[in-house]
Amino acid sequence: MNFCMSCGTKLQPEWQFCANCRRPVETGGSPQEATEATEAVAMTTDPPEAPGSAVPQPAASAPAAAHRQDSSRAQAPQGAAAATGATQIIETGAYGQAGGDGHSTPPGSGGGDGGGSGPEGPAGGGTGDSGRKTNRKAIILGAVAVVLVALGVGAFLFIQNMIRGGAGSPEQVAEKLIESIETKDAIGLVTMVAPAERDALDKFQEEFMDKVEEFGIFEAAGKVGEDSVEDDFDDEINLDGITVTFENVEPTVTEVDDQLAVLNFSSGTVRLQIDPEQTTGAVRSGLEASGEMEPVDETADLAELDIEGEGLRVAAVEDGGRWYVSPVYSTLELVLQLTGNERGSLPEPTEGSGSPAEAAQALVGAVPGILESGKFTDLGKYLMSYEGNAVHYYGGALDEAMEGGLGTDVQITANTFKDADRDGDRGHALIEELTMEAEGDAVSLTADCMESGSEKYCRGDSGYVMTNGSFDSEATMSAFPQLGLSSVKEDGKWKVSIMDTTTDLALQWMDTITREQALAMLDLARSEDAAGTMTLDEETELDFNSAGYAVMTLKLEEDTTLQGDDDGSSYSSYTVYSKDGKEEITSSDELFADETPAGEYKVVIFAGKEWADEFAEKGNGVQHSGTVKLQEKESPAAVDFDSFMSSRAKIDGSGVMQYNYLTLDEFPGPTEAHMLNVPEGTDTELLVIVEGYAGAWEKPGTLVLTLDGKTHKVPVSNDPEELKIPVAPGTDQELTVELVKGDGSGEEVDYTLEFVEK
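Since this is a predicted model, take the numbers as computed values, not measurements.

Chemist: An account of the overall build of the chain is requested, with residue identities and associated values reported.
Modeler: Of regular secondary structure, the chain possesses 18 helices and 33 strands. Of the accessible surface of the chain, which amounts to about 39,900 Å², a share of 49% is contributed by carbon and sulfur atoms.

Now the structure itself:
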């Protein structure tokens, strides 16, 4: 059997030309040379079926074609087409090959400029070794190029699909979901989430983590012993110590349409095993906080884990030719089960708007009609397809609730937006003027202000509201970001996105927060270094920062019960921590603070109304100082309530009144005893307020109080009665209280005790 001396193709006896390379058949060629040639081209071509058959295509043509058919899923690297074309020119060498000018040339034409020629062309006249070696090298190089292109395209598609996540079908979604859970593949789980939901969250998380790093939040948390904070914000989900195993799970798939499928897990079992001692990070912190540190090993039937034994429902959505899990749609599927409503269907796609501002105006302009008709699902026409589809699928429950409309005539008399930021296919529009009227009341909005009647609130330059202190609604409104709506461009048109709007508003708000404000909101102000030292009973001038707090050192020479001396204008609260800030010792919020032992402490003091007023005017540029004094607390007159009903507390002279109850029945009985603590120098009286319980007294009874050997009586009737009893300074004075029945009915009494100034 002969082989072509040029390309190594096996020759048939009757052939005069090689069917592969069209070279004249030579006899007496070396078998070794033929074998080498055959091996060189085995990678790229198959033997022809018969003389004159179609020239085989390169090995890369099949994947290349598949790639072209699936161009919506991925784009081939720019060099792929060129490399494939070059391979075809070298390898074919027959009728239909491309010449140097890129056009097909018949055999013998000699090709174009620089192109490979046929056997009768100028470049193909000879049959010597030189011609054979050149062609063999070209064939080998061509084969290598084909393999590299095929591998490159395949790798590109694999990597891009991995980045895009998802699966090729709803059935594969179910398989990957179970596999990712069982193997604790956190990345796999994340990439199974629909991009429309994942992208908005990723965008926020990325910028949020940038802020966390910029502000040094983890370092601040670690400084005061909150090491778990970094674990809570860790990008990776750590599932150490947790094992989930599925057995005999065969989910059923219901394809609602070409964009939605519902996976129903109603067969098989799931086993959850948790070894708390092996968990780490946020999981460990959560278990410790809840006190759930006992091992868990539970197995449950999936059919019993949802509504009426129907199993777990998971919604899968199609996006760009791939299928993904949708947490939002899955939640709405659960609502569908709970309400018993039918799932809706998708209408014909609607055209969007020419700009983000026009899209926002269109949505807002449709609101009165939606409220009047009660058709909430009409809102879906104005939302990006992913969110609009959800409204159409699952909005039936709201349509039912709004049936017949809300019965309120809402009119929009002004509705203009202006385009703001754009980033590719995403844009944001701010409210320029929006006025809504309903039942004679009107609300007007701009991006920065809201006006209703005589009230007008405008945003400031900071989203911060002091966490310690009490501010009115104006201060809260000033923290809002600029009001607007975000839109997404689809098929050249813009539609509003609720998810993007929420994300953009959150990011705008976050951009207005300073490092000091972030520390205050995360209860990490105590991580700051002290700016100076405070001395007990001495006024100290403090500089409050953009978050309204100052950090100082306090040294106590002896055990002291602390209190502030202020009317609330200079400071609103203080907290005393250990020197390193890790342990809270006491604060101004404690009504019955214990003594603070002698030592050195860190004190965080939050400013009061004066700072708040200046902050409202100047925002983050506020520079405010105030005078604060911490002093030893004077012990007021107090009552130790020893009865079962009220032993939980001790009252002082702050105006707090303690409820007490007596009955002639067995519980709690007709008598009680209390100890009075009245420090020297205290000038107070004991106020007693008495009232019969539940209006059951027809004739008065008597509450008899005995103090310091003296008896005081208060009538008990259906109306409150008061009596003030003089109290002499001195501690451990016993007060006894006894209920005495009157001539008529009545067996129970309520009474309170309070120290008041004379």
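Chemist: Lay out helix 13 (residues 385-394) in plain terms, naming residues and giving numbers.
Modeler: Among the 10 residues that make up helix 13, 9 are buried, leaving the element largely enclosed by the rest of the structure. Restricting attention to buried positions, one finds in helix 13 the residues Tyr386, Glu387, Gly388, Asn389, Ala390, Val391, His392, Tyr393 and Tyr394.

Chemist: Go over the packing of helix 7 (residues 195-215) against helix 16 (residues 498-511), please, and point to the residues and values.
Modeler: Orientation of helix 7 relative to helix 16, taken along the N-to-C sense of each, is 5°, at an axis distance of 10 Å. As the angle between them shows, helix 7 and helix 16 are arranged roughly parallel. In contact with Ala196, Glu197, Ala200, Lys203, Phe204, Glu207, Phe208 and Lys211 of helix 7, helix 16 contributes Met499, Thr503, Asp504, Ala506, Leu507, Met510 and Asp511. Class assignment of the residues belonging to the contact of helix 7 with helix 16 gives a composition of 8 nonpolar, 1 polar and 6 charged.

Chemist: Hey, could you go over the packing of aromatic side chains for me, with residue numbers and the actual values?
Modeler: Enumeration over the complete set of coordinates arrives at 9 aromatic pairs. Geometrically, the ring pair formed by tyrosine 464 and phenylalanine 615 is edge-to-face, given 6.1 Å between the ring centres and 90° between the ring planes. One end of the pair, tyrosine 464, is in the loop between strand 12 (455-458) and helix 15 (473-477); the other, phenylalanine 615, is in helix 18 (residues 609-618), with 151 residues separating them in the sequence. Exposure class is identical for tyrosine 464 and phenylalanine 615. Each is buried. Through a chain of ring-to-ring contacts, the aromatic side chains of Tyr329, Tyr386, Tyr393 and Tyr394 assemble into a single cluster.

Chemist: If you had to explain the pattern of salt bridges to someone new, which residues and values would you point to?
Modeler: A full pass over the atoms with the stated rule returns 15 salt bridges. Ionic pairing is found between lysine 211 and glutamate 214, a salt bridge with its closest N-O pair at 3.9 Å. With lysine 211 and glutamate 214 both in helix 7 and 3 residues apart, the pair spans about one turn of that helix. On the basis of relative accessible area, lysine 211 is assigned to the buried category, the value being 15%. When the shortest N-O distance is used, the salt bridge between arginine 271 and aspartate 297 registers 2.7 Å. Of this pair, arginine 271 sits in strand 4 (residues 269-274) while aspartate 297 is found in strand 5 (residues 296-301), placing the two residues 26 residues apart along the sequence. For arginine 271, a relative accessible area of 33% corresponds to the partly exposed category. When salt bridges that share partners are traced, they join Arg313, Glu333 and Arg343 into one network.

Chemist: Give a description of the side chain of threonine 435 that names residues and reports values.
Modeler: Mapping threonine 435 onto the fold places it in strand 9 (residues 426-438). Apart from residues no more than four positions distant in its own chain, threonine 435 is found in contact with Gln411, Ile412, Thr413, Ala414, Val443 and Ser444.

Chemist: I'd like a rundown of the state of the cysteines, residues and numbers included.
Modeler: Taken as a whole, this structure holds 1 disulfide when the rule is applied. Disulfide pairing places cysteine 449 opposite cysteine 458 at an S-S distance of 2.0 Å. Because the torsion about its S-S bond is 110°, the bridge between cysteine 449 and cysteine 458 counts as right-handed. Residue cysteine 449 is classed as buried on the basis of its relative accessible area of 18%.

Chemist: Hey, could you go over the sheet that holds strand 3 (residues 260-265) for me, with residue numbers and the actual values?
Modeler: The 4 strands are arranged 2-3-6-7 in an open sheet whose pairing can be described as antiparallel. Looking along the sheet, the strands with just one partner apiece sit at the ends: strand 2 (252-257) and strand 7 (322-325). For this sheet, the mean inter-axis angle between neighbouring strands, taken without regard to orientation, is 25°. When strand 3 meets strand 6 (residues 312-319), the two strands line up antiparallel, connected through 6 bridges. When the bridges of strand 6 are listed, valine 262 appears paired with alanine 315.

Rules used in this analysis
- All residue numbers refer to positions counted from 1 along the written sequence of the respective chain.
- Local features in this predicted model are restricted to residues of pLDDT 70 or higher, and side-chain atom pairs are both shown and tallied only at a pLDDT of 80 or more, whereas totals for entire chains, interfaces and linings draw on every residue.
- With hydrogens and water excluded, all non-hydrogen atoms of the structure serve as input to the side-chain values.
- Secondary structure is summarised from DSSP: a helix means a run of H or I of at least four residues, a strand means a run of E of at least two, and numbering begins at the N terminus for each.
- Using a 1.4 Å probe, the Shrake-Rupley method yields the accessible areas, and only the shown protein chains count as cover for residues.
- The buried label goes to any residue with under 20% of its type's maximum accessible area, the exposed label to any with over 50%, and the partly exposed label to all in between, with areas taken from a 1.4 Å probe on protein chains only.
- Note on definitions: angles span 0 to 180 degrees between N-to-C directions of axes, and those axes are lines fitted to C-alpha atoms, for helices only across the stretch in contact.
- For classification, angles of less than 35 degrees are called roughly parallel, those exceeding 145 degrees roughly antiparallel, those between 65 and 115 degrees roughly perpendicular, and all remaining angles oblique.
- Contact between two residues is taken to exist if any of their heavy atoms lie within 4.5 Å; hydrogens are not considered.
- Residues were grouped as follows: Ala, Val, Leu, Ile, Met, Phe, Trp, Tyr, Cys and Pro as nonpolar; Asp, Glu, Lys and Arg as charged; and all remaining residues, including Gly, as polar.
- Side-chain rings of Phe, Tyr and Trp, where Trp is taken by its six-membered ring, are said to pair if the distance between their centres is within 6.5 Å; with planes under 30 degrees apart they count as stacked, over 60 as edge-to-face, and otherwise as tilted.
- Only one rule defines a salt bridge in this text: a Lys or Arg side-chain nitrogen within 4 Å of an Asp or Glu carboxyl oxygen.
- Sulfur atoms of two cysteines make up a disulfide when they are within 2.5 Å.
- The pairing criterion is simple: DSSP has to find at least two bridges between the two strands.

As far as function goes, none of this settles anything; it's purely spatial.
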